[in-house]
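One letter stands for each residue in the lines below.
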Amino acid sequence: MPRSKKFRRARLIVIVLAVLLVAGAAGGSWWAVDTVRSSFPDVEGTVRVPGMAAPVDVKRDANGIPQLYADSDADLFRAQGYVQAQDRFWEMDVRRHITAGRLSEMFGSGQVETDSFLRTMGWRRVAQQEWDSPTLLSESTKKNLQAYSEGVNAWLAEHPGGAGASLEYALLGVVNSGYQPEKWDPVDSVAWLKAMAWNLSGNLQEEIDRSLLTQDFSKEKIEQLYPAYPYDRNGTIVKTGKVGTDGTYKPADGAAAATPPTVQAAAATQGVLKGLADRIAAVPQLLGPQGQGIGSNSWVVRGTNTTTGLPLLANDPHLGPGMPSIWYQMGLHCRALNKACTFDTAGYTFSGMPGVVIGHNKDIAWGFTNLGADVTDLYLEKVTGPDTYQVDGKDVPFTTRKETIKVAGGEDRTITVRSTREGLPLISDQSEEQQKVGTYAPAGNAAPDRAAGYGVALQWTALTPGSTMEAVFKLNRASDFDEFRAAAKDFAVPAQNLIYADTKNNIGYQAPGVIPVRAKGDGRWPAPGWDSSWKWTGTIDFKSLPYSYNPASGYIVTANQAVADASYPFLLTTDWEYGTRAKEIGDQIQDKLKNGGKISPDDMQAIQLDDTSVMAKTLVPLLLKVQIDDPYVREAQDLLKDWNYRQDADSAAAAYYNGVWRNLLTLAYGQKFPADLRAEGDCLLVRQKRDSTLPDDAVGGAAQAVTECGTRKPSQAQPDGGDRWMEVVRQQLTQPDSSWWEYIDSNHLPQKGMDKLLAEAMKDARQELTAKLGKDISTWTWGRLHTLTLKEPTLGTDESSVASGLVHRLLNRGPYQLAGGTAAVDAAGWNAAAGYEVDWIPSMRMVVDLSNFDASRWINVGGASGHAFHPNYNDQTELWARGELLPWAYSADAVSKSAQHVLSLTAG
């Protein structure tokens, strides 16, 4: 009989305590230390790898970053698979279980609901279709993926069943001793792109939130919470060009010819929607929080405006934090470029996926930010029976399939997945409410009777097979802007802003991606699935998507702002980020270029660290005008008098300002929001009628006070305080008598008026920060509130399986006190509805110098290794937190000089 959960958990605690004691004791047992270290990879000597045609050298620097040198593409990617497995196989194994909806096989019954939702969407099935397609992936791409898999499996053969593979497998074995990793498959690599597409899938959360808000607010009020993009103030990525009669986009300022370098270059619906929101929130917790506010920065400056005479390119994608980092730094080099060996590239990739995702080769550099295109739509479906739904007044059969979920330590679960005739999965089938549609989701006057409720189907571009994996290899080999754009054409999902620079002094931008064309609507609200006229009619042709090449300004900034203005004839989205970071970056570049100034690599790095609160420039003068009589509160208000708006980690003023901002949002908006949007544990005393159908003066209709607590995961709660909320408040500050300034004070009494609410927010912030940081405001710092803890996202999250506080101590790192903040360029984001803890970050930073690639700089969060207690597990985080960058060796000479360890992978 299986041992009890209580026994297994007790045994886990004993093992973890033993490891902790060993790790912390100066003279600990050699055996225990050796056991922990046995999973560390071999980084010197010779290892035989089956399938190698010739030796591959793996050169690692002091930070454990590997640079690979091979004589053929096959050997290069076979080695990449082997080396990534050395460092990160646990992470790779978990990732493929995420994308396949098989987490329950590793972690038990606590993951069944997540698996059900993932199986319903069918990420792995779509990736398999991409692999099976004779046209989507070329033979060379498939060979690279197959070689990568062979390298992973060569390493796995040395660690059968995960034995000695990592500390995490030892911990997992306590409660799931029968688990053994399967061989790696090429589709495992392809499928990870679906997970990244999900995390960057546009406005799905906003679509749900708007629908949930309709239970308490009119559409007019909701629109005030989603204001129009401020084109005049914050601008767009490109000056909007024209789309000709043939559908071809033509940039507004033309395409300037390439010019030679200026200096000699150096070496070259309430119910179901609420349940759906819960299910969606469960998936991103493994990938980092998903939602409004998560973005990225990238910009490129042409050589005419740089101190180096050739372009400089910077990039820092914003993603959820975790251990190990989502990125993996690597160099992939052919000793000689020829037909057999075609790669010489370095940068950031994902463990489990061949190639380089962001980086440079010998000719070009490229970076990504999220385009934010609206590529998801929810459809309300009138379900008329177990097997049918209604379209244009007629019953239409669902397509169904069975999915069996294997559960470690438990019985298998079988679910039925229903899809519409267009192939849209009915994702509401796996919600907690089991097909009960939200009472308040708007459906229109012509909608059929809700009866037992509508189902909700998902249309998403990533559920159609695409060729993004093909694009990765094309980017790695591109040598000019035309080849870069050809690669971008294959970049289907997630839709990204791609920036470009080359060694011939050209810069550029391309918006790629599969983006739908809608017959009706703008994707802001769930569409009526029973009316076929609301379906997608196609996608925007790639030749119609905006691009820019050598614009007259001499630089390009992408930071999730609008790509083009409202005159662009195709709908990309209506839910842009609001451009605060983009304008701040652009303003700093312009300031540097005044009076003939030039941008240096140090300037690029300094801009990445700009922690200015742009919203504070508007709000603080108003806060200082408010009359505060209480000296206790006025003492805190005075912190803002000479503040420079910088959110440095040691700033008391930044701490108080952000406390006021959080409390302002709570009073003006959070108090009024339904529980479905508020954070768990956020409980309010609300007045509610015993029978809401009766007027207050009717019997049974009088209002009564009840306590209502939020139900949403903190990372998904609203108001989150991001860029959108800054635009909302900015507009409301011009309307002092707006009903949004009505609030309930600390005595539970109704109040109204902007100045009164601002005063209340300052008082509440003073009390909150006193409780958190102490009475003496001279000891306050922003960093003490604004902390980052890097968490292992699987073992350390599910208390029902192998997670415990002791596991956290083994695998997590932190907390770190950070500067920056939401909508700052140094975007250490936090959710104002939940607290001040950092929940998304610049996941890496890089500055590429096209005049001398060896002068480029980079940094990662965490480190190269995925092995806890390895010297490279977390050796880059302190540097990253201080805003430092590491030298980025690229040339063969520079790599050899920086190499601390050399491993040779030879034929098996």
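Residues numbered from 1 in each chain as written. Predicted model: local features only at pLDDT ≥ 70, side-chain atom pairs only at ≥ 80, totals over all residues. Heavy atoms only, no water.

Caption draft 1: Highlighting the overall build of the protein. Along the protein, the regular secondary structure elements total 26 helices and 37 strands. With an accessible surface of roughly 33,200 Å², the protein has 50% of that area assigned to carbon and sulfur atoms. (Helix = DSSP H or I, 4+ residues; strand = E, 2+ residues; numbered from the N terminus. Areas by Shrake-Rupley, 256 points an atom, 1.4 Å probe, with all protein chains shown as cover.)

Caption draft 2: Geometry of the sheet that holds strand 24 (residues 547–549). Ordered in space as 1-37-2-3-8-9-10-11-19-20-24, the eleven strands form an open sheet in which the pairing is mixed. One side of each edge strand has no neighbouring strand; the edge strands of this open sheet are strand 1 (45–49) and strand 24. Strand-to-strand twist of the sheet, defined as the mean angle between neighbouring strand axes without regard to direction, takes the value 15°. The pairing of strand 1 with strand 37 (residues 901–907) spans five bridges and is classified as parallel. Within strand 37, the residue paired with V49 across the bridge is A907. (Pairing = 2+ DSSP bridges. Axes fitted to C-alpha atoms, helices over the stretch in contact; angles between N-to-C directions.)

Caption draft 3: Focus on the side chain of D374. Relative to the helices and strands, D374 is located in the loop between strand 11 (364–370) and strand 12 (376–381). Reaching out from D374, the side chain makes a polar contact with the side chain of N203 at a distance of 3.2 Å. Beyond its immediate sequence surroundings of up to four residues, D374 is in contact with N203, P516, R518, D522, G523, L572 and T573. (Polar contact = N/O pair within 3.5 Å; in protein donor to acceptor, adjacent residues only side chain to side chain. Contact = heavy atoms within 4.5 Å.)

Caption draft 4: Quick look at the sheet that holds strand 22 (residues 527–528). What the three strands build is an open sheet, ordered 18-12-22; its pairing is mixed. Each edge of the open sheet is held by one strand with a lone partner, namely strand 18 (455–460) and strand 22. Across six bridges, the pairing between strand 12 and strand 18 is antiparallel. Bridging across to strand 18, L378 finds its partner in L458.

Caption draft 5: Here's a closer look at the state of the cysteines. The tally for this structure, following the rule as stated, stands at two disulfides. Residue pairing for C683: its cysteine sulfur links by disulfide to C709, the two sulfurs lying 1.9 Å apart. The sign of the S-S torsion, about 105°, decides the handedness of the disulfide formed by C683 and C709: right-handed. Residue C683 is located in strand 26 (residues 683–689), and its partner C709 is located in strand 27 (residues 703–709); the two are separated by 26 residues in the primary sequence. We classify C709 as partly exposed; its relative accessible area is 33%. For the protein, the bonded cysteines pair up as 1-2, 3-4 when numbered in the order they occur along the sequence. (Disulfide = S-S within 2.5 Å. Buried < 20%, exposed > 50% of the residue type's maximum accessible area, 1.4 Å probe, protein only.)

Caption draft 6: Summary view of the confidence of the model for the protein. Of the residues in the protein, 87% reach a pLDDT of 70 or more, and the chain-wide mean stands at 89. This model gives residues 25–32 a pLDDT under 50, and the stretch forms two contacts once residues within four places in sequence are excluded. (pLDDT = per-residue confidence, 0-100.)

Caption draft 7: Quick peek at unusual backbone geometry. Cis geometry is adopted by the peptide bond preceding P494, which originates at V493 and carries an omega value of -5°. The residue P494 is located in the loop between helix 15 (481–489) and strand 19 (496–502) in this model. Between G814 and the following residue, P815, the backbone shows a cis peptide bond with an omega angle of 5°. Assignment of secondary structure puts P815 in strand 31 (residues 813–817). A positive phi is found at N560, a non-glycine position, where the angle reads about 70°. The buried category is assigned to N560, whose relative accessible area is 4%. Its identity is not glycine, yet H748 carries a phi of approximately 65°, on the positive side. Looking at the secondary structure, you find H748 in the loop between strand 28 (743–744) and strand 29 (750–751). When its relative accessible area of 56% is taken as the criterion, H748 is described as exposed.

Caption draft 8: How the structure looks around the pattern of salt bridges. Under the defined criterion, the tally for this structure stands at 45 salt bridges. Residue E91 is joined to R95 by a salt bridge in which the shortest nitrogen-to-oxygen separation is 2.8 Å. Placement of both E91 and R95 in helix 3 (residues 73–100) is noted, with a separation of four residues, approximately one turn of the helix. Judged by its relative accessible area of 9%, E91 falls in the buried class. For D363, the salt bridge goes to K362, with nearest N and O atoms at 3.1 Å. Residue classification places K362 among the partly exposed residues on the basis of a relative accessible area of 34%. Residues joined by salt bridges that share partners form a network here, namely D93, R96, R124, D185 and D188. (Salt bridge = Lys/Arg side-chain N within 4 Å of Asp/Glu carboxyl O.)

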